[in-house]
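Okay, here's what each chain looks like letter by letter:
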Amino acid sequence: RFGTPPQSTIPTAPGDKLILFTDGVPDLGKPEGSTLGEEGITAMLLADSGTPTMESARRLIAHLKSVGQESRTDDVLFVFVDIRTASEKRQAAGGK
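In this report, the structure presented in the accompanying data block is examined. (Residues numbered from 1 in each chain as written. Predicted model: local features only at pLDDT ≥ 70, side-chain atom pairs only at ≥ 80, totals over all residues. Heavy atoms only, no water.)

Describing the overall build of the protein chain
Alright, step 1. Looking only at helices and strands, one finds three helices and two strands in the protein chain.
Alright, step 2. Taken from the N to the C terminus, the helices and strands of the protein chain come in the order β-α-α-β-α.
Alright, step 3. Out of the 96 residues in the protein chain, the part that is buried amounts to 24%.
Alright, step 4. A fraction of 64% describes how many contacts in the protein chain between residues 6 or more apart in sequence connect residues 24 or more apart.
Alright, step 5. When the accessible surface of the protein chain is totalled, it reaches about 7,200 Å², and 55% of it is carbon and sulfur. (Helix = DSSP H or I, 4+ residues; strand = E, 2+ residues; numbered from the N terminus. Buried < 20%, exposed > 50% of the residue type's maximum accessible area, 1.4 Å probe, protein only. Contact = heavy atoms within 4.5 Å. Areas by Shrake-Rupley, 256 points an atom, 1.4 Å probe, with all protein chains shown as cover.)

Rendered as structure tokens:
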């Protein structure tokens, strides 16, 4: 019905972050009235590149809340993925 979506492979390494978001995130307004845009969301996330993932997510949520409900005309969804080694995953899960 929708056809086959395009596929691509992105090389990753432990320590990398993958951040997925819907088009509603960059479409959100900025306080001065313009939209954040893909460049703005990229700049915001790159500024947090050394920040723990949960803190980056909290900052993005705070920004989303600051622009107000009236500027939201589309869905807003984002997913943060930490790329870890198998031992880091076990350690984070409380295993050895």
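Now that the structure has been shown, we can carry on.
So, the pattern of salt bridges
Alright, step 1. Tallied over the entire structure, the rule returns four salt bridges.
Alright, step 2. Close ionic contact of Arg58 with Glu55 constitutes a salt bridge, the shortest N to O distance being 3.9 Å. Linking Arg58 with Glu55, this pair stays in helix H2 (residues 53–66), spanning three residues, or about one helical turn.
Alright, step 3. Under the relative-accessibility criterion, Glu55 is labelled partly exposed at 29%.
Alright, step 4. Asp82 is the salt-bridge partner of Arg84, the closest N and O atoms lying 3.7 Å from each other. (Salt bridge = Lys/Arg side-chain N within 4 Å of Asp/Glu carboxyl O.)

A look at the environment of Ile19
Alright, step 1. Among the secondary structure elements, Ile19 is positioned in strand S1 (residues 17–21).
Alright, step 2. For Ile19, a relative accessible area of 25% corresponds to the partly exposed category.
Alright, step 3. In sequence terms Ile19 and Asp82 are 63 residues apart; their C-alpha atoms lie 8.8 Å from each other.
Alright, step 4. Each residue touching Ile19, except ones within four places of it in the same chain, is listed here: Leu45, Val79 and Phe80.

Side note on the packing of aromatic side chains
Alright, step 1. Counting across every chain of the model gives one aromatic pair.
Alright, step 2. Judged by centre distance (5.5 Å) and plane angle (85°), the ring pair of Phe78 and Phe80 falls under edge-to-face. (Phe/Tyr/Trp six-rings, centres within 6.5 Å; stacked < 30°, edge-to-face > 60°.)

Brief notes about H2
Alright, step 1. Look at H2: 20 Å from first C-alpha to last across 14 residues, which is about the 20 Å you get at 1.5 Å a residue.
Alright, step 2. Those residues of H2 not exposed but buried are Thr53, Ser56, Ala57, Leu60, His63 and Leu64. Burial along H2 is one-sided: seen end-on, the buried residues are contained in an arc of 120°. Turned more than 90 degrees away from the buried face of H2 sit Met54, Lys65 and Ser66, all of them exposed.
Alright, step 3. At its buried positions, H2 is contacted by S1, helix H1 (37–47) and strand S2 (78–82). (Expected span 1.5 Å × (residues − 1). Arc of directions from axis to C-beta.)

Any functional reading would require information that these geometric values do not contain.
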